[in-house]
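Letter by letter, the chains look like this.
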Number of protein chains: 2
Amino acid sequence: MQYIKNPMMIEEKSFEIIQGIIDEIRPGYEFKNEVEEKIIKRAIHTTADFDYLDILKISDTAVNSLVDALKNNATIYTDTNMALSGINKKRLDDLGCKYKCLVAQEQTASLAKEKGITRSMAAVEIAAKEEGRKIFVLGNAPTALYKVMEMRNLEKLNLDAVVGVPVGFVGAAESKDELEKTDIPFIISKGRKGGSNLAAAIINAILYSM
Amino acid sequence: MQYIKNPMMIEEKSFEIIQGIIDEIRPGYEFKNEVEEKIIKRAIHTTADFDYLDILKISDTAVNSLVDALKNNATIYTDTNMALSGINKKRLDDLGCKYKCLVAQEQTASLAKEKGITRSMAAVEIAAKEEGRKIFVLGNAPTALYKVMEMRNLEKLNLDAVVGVPVGFVGAAESKDELEKTDIPFIISKGRKGGSNLAAAIINAILYSM
C-alpha cells in the first residue's frame, strides 16, 4: 500500500484539494479576506464538510478582537476537554495565553448541582469571576453560550470574543442566532452543525494566521 | 431567553428530533439492528450530519468483537488526544479497560523521527509491542490506519477491532476502502468524512449499548 507519510505534505496537499473542490462545486466563490479564507478552509479540513463555505459566519470585529486578546495574554475557556485537546497549546504557551475547561472540575459540578443548571453554565459563572481577558470557545453546549450572553447582558461578564459553534438539535441553532444579534465579536456556524473539533480548528486557524 | 437546561432532557429530546428528521428525509429507512441504530444515531447526534445514515459501515463481526474486547480488559488506542477526551472513561474504568493516545509521547516522536514516518504510524508500532487485547480508534490519521493493516498483514499486530473514521482529503477515503477489504472487524465512515469526535461517539455508543 502506497501512501503519503510526510505530515507537512499531507497538510499542504489537503488545502490544495480543498481549493480544487471549491473551484469545482462553487466556481467564482470569493472569500471576504485572507483570514476568513484560512478559517473556513481549516473548518473544511477538519470536517470534510463544504457546508462551512456557507454556514460559518465571522462578525466584522471578530478576527481583530481574537488576535488582540491572544496578543494580550487572554484565557481561552472551552466547554469540553475535546475542544481543549484540539487547540494548539504550544502556540498559546508561546503567546503567554492560558487555556482551560472548567466543566469537568469539582467546584463546577457542585455549583451546577446547587443551582440546578448544567455544568457548562456553572463553568461560565466561575470563569466570569476570574481575572484577565477572556475568549470563550464553545463547540458543544448551547447552555454555555446562552449563559455567556445572559451574564454579559447583566454586566457580570467581560469577554473579548466567542467562538460559538455548538452542534446539535436542542438549542444549538437558536443559541447561535441569538449570539448573532449581540455586539459580542463572534464566529459561529449557522444551524445545527458545529462541534468541539470545529471550535478547536477555528482557534488554530486564528493562531496560524498571526 | 428560555432554553432547556436539564442535560438528560436535552439528550432525550435530541434523539427524538433525530428520529423525526429521519422519518421526514428518509421515510421507511430501517436500521439493521438496535446497536447499529444506536451507533448511527449517536454519530448524527455528535455531528448533526445525516450523511452518516449512508456512510457509516459496520462489519458483521464488529459489534460483537468490540463488546467482547471491552468485556475483557482491552486497551483502546486512539490517534488523537481529542478522540481520547471524548470517550467515556468512567465506563472504561468500570470495565477495567485501559485507554491511551501514544501519539503525543516522547518515545513516539523519537521513533517517528528515526524512521521518517508519522507519529501516528510510530504509535501503532509501539502499541503492537504492548500486551493485551487491542482496539484502535482512529479519527484522524490515515497513516495510522494503513500501518495497522500493514502490521497485521505481517502478523506483527494482534487486534480485536478498528473504529476507522479518519477525516480528510489525503488518504482518508482510500485507507478506509482498504480496511473494508480486510477481515478485521471494523466500523468506518466511507469517503472523506469522519473525525475524532465521531470516533469517540462510536465507542461511546458501543459502551452505552452494553
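Residues numbered from 1 in each chain as written. Chains lettered and ligands numbered in written order. Predicted model: local features only at pLDDT ≥ 70, side-chain atom pairs only at ≥ 80, totals over all residues. Heavy atoms only, no water.

Draft legend 1. Fine view of the UniProt feature "domain: Cobalamin biosynthesis precorrin-8X methylmutase CobH/CbiC" (unreviewed entry) in chain A. The feature "domain: Cobalamin biosynthesis precorrin-8X methylmutase CobH/CbiC" (unreviewed entry), as annotated in UniProt, sits at residues 10–208 of chain A in this numbering. For residues 10–208 of chain A, the helix share is 56%, the strand share is 12%, and the end-to-end C-alpha distance is 17 Å. (UniProt positions renumbered as here; feature names shortened; annotations may be inferred. Helix = DSSP H or I, 4+ residues; strand = E, 2+ residues; numbered from the N terminus.)

Draft legend 2. Up close: the sheet that holds strand E2 (residues 75–78) of chain B. Residues and elements named next belong to chain B. Strand order in this open sheet of six strands is E1-E6-E5-E4-E2-E3, and the pairing throughout is mixed. Looking at the sheet topology across the chains shown, the edges are occupied by strand E1 (56–58) and strand E3 (98–100). If you compare each strand with its neighbour and ignore which way they point, the axes differ by 15° on average. Strand direction decides the pairing type here: strand E5 (residues 161–164) and strand E6 (residues 186–189), joined by three bridges, are parallel. Counterpart to glycine 164 in the pairing with E6 is isoleucine 188. Sheet strands in contact with helix H2 (residues 34–47) are E1 and E6, and its direction is about 155° off that of E1. Helix-sheet contacts for helix H10 (residues 172–181) involve E1, E5 and E6, and the interaxial angle to E6 is about 150°. (Pairing = 2+ DSSP bridges. Axes fitted to C-alpha atoms, helices over the stretch in contact; angles between N-to-C directions. Contact = heavy atoms within 4.5 Å.)

Draft legend 3. Geometry of the side chain of A:Asp79. Residue and element names in this part refer to chain A. Looking at where aspartate 79 falls in the secondary structure, it is placed in the loop between strand E2 (75–78) and helix H5 (81–86). It turns out aspartate 79 is buried and unbridged, and the closest side chain with the opposite charge, lysine 176, is 11 Å from it. Polar side-chain contacts of aspartate 79 include one of 2.8 Å to the backbone nitrogen of asparagine 140. (Buried < 20%, exposed > 50% of the residue type's maximum accessible area, 1.4 Å probe, protein only. Lys, Arg positive; Asp, Glu negative; His and termini not counted. Salt bridge = Lys/Arg side-chain N within 4 Å of Asp/Glu carboxyl O. Polar contact = N/O pair within 3.5 Å; in protein donor to acceptor, adjacent residues only side chain to side chain.)

Draft legend 4. Structural context of unusual backbone geometry. Residue and element names in this part refer to chain A. The backbone phi angle of alanine 48 is positive, close to 55°, even though this residue is not glycine. Position of alanine 48 among the secondary structure elements: in the loop between helix H2 (34–47) and helix H3 (52–55). Judged by relative accessible area, alanine 48 falls into the buried class, the value being 7%.

Draft legend 5. How the structure looks around the packing of aromatic side chains. Scanning all chains against the criterion turns up six aromatic pairs over all chains. Ring geometry for A:Phe50 versus B:Phe169: centroids 5.8 Å apart, planes at 85°, classification edge-to-face. On the criterion of chain membership, the pair formed by A:Phe50 in the loop between H2 and H3 and B:Phe169 in the loop between E5 and H10 is interchain, its members lying in two chains. Residues A:Phe50 and B:Phe169 agree in their burial class; the two are buried. (Phe/Tyr/Trp six-rings, centres within 6.5 Å; stacked < 30°, edge-to-face > 60°.)

Draft legend 6. Focus on the packing of H2(A) against helix H11 (residues 196–209) of chain A. Residue and element names in this part refer to chain A. Following both chains from N to C, one finds H2 and H11 inclined at 140°, their axes separated by 9 Å at the closest point. The two elements H2 and H11 cross, and the hand of that crossing is right-handed. Only Asn197, Leu198, Ala201, Ile202, Asn204, Ala205, Ile206, Tyr208 and Ser209 of H11 make contact with H2, whose side of the interface consists of Val35, Lys38, Ile39, Arg42, Ala43, Thr46 and Thr47. Broken down by class, the residue content of the contact of H2 with H11 amounts to nine nonpolar, five polar and two charged. (Left-handed = near helix turned anticlockwise from the far one by under 90°. Nonpolar A, V, L, I, M, F, W, Y, C, P; charged D, E, K, R; others polar.)

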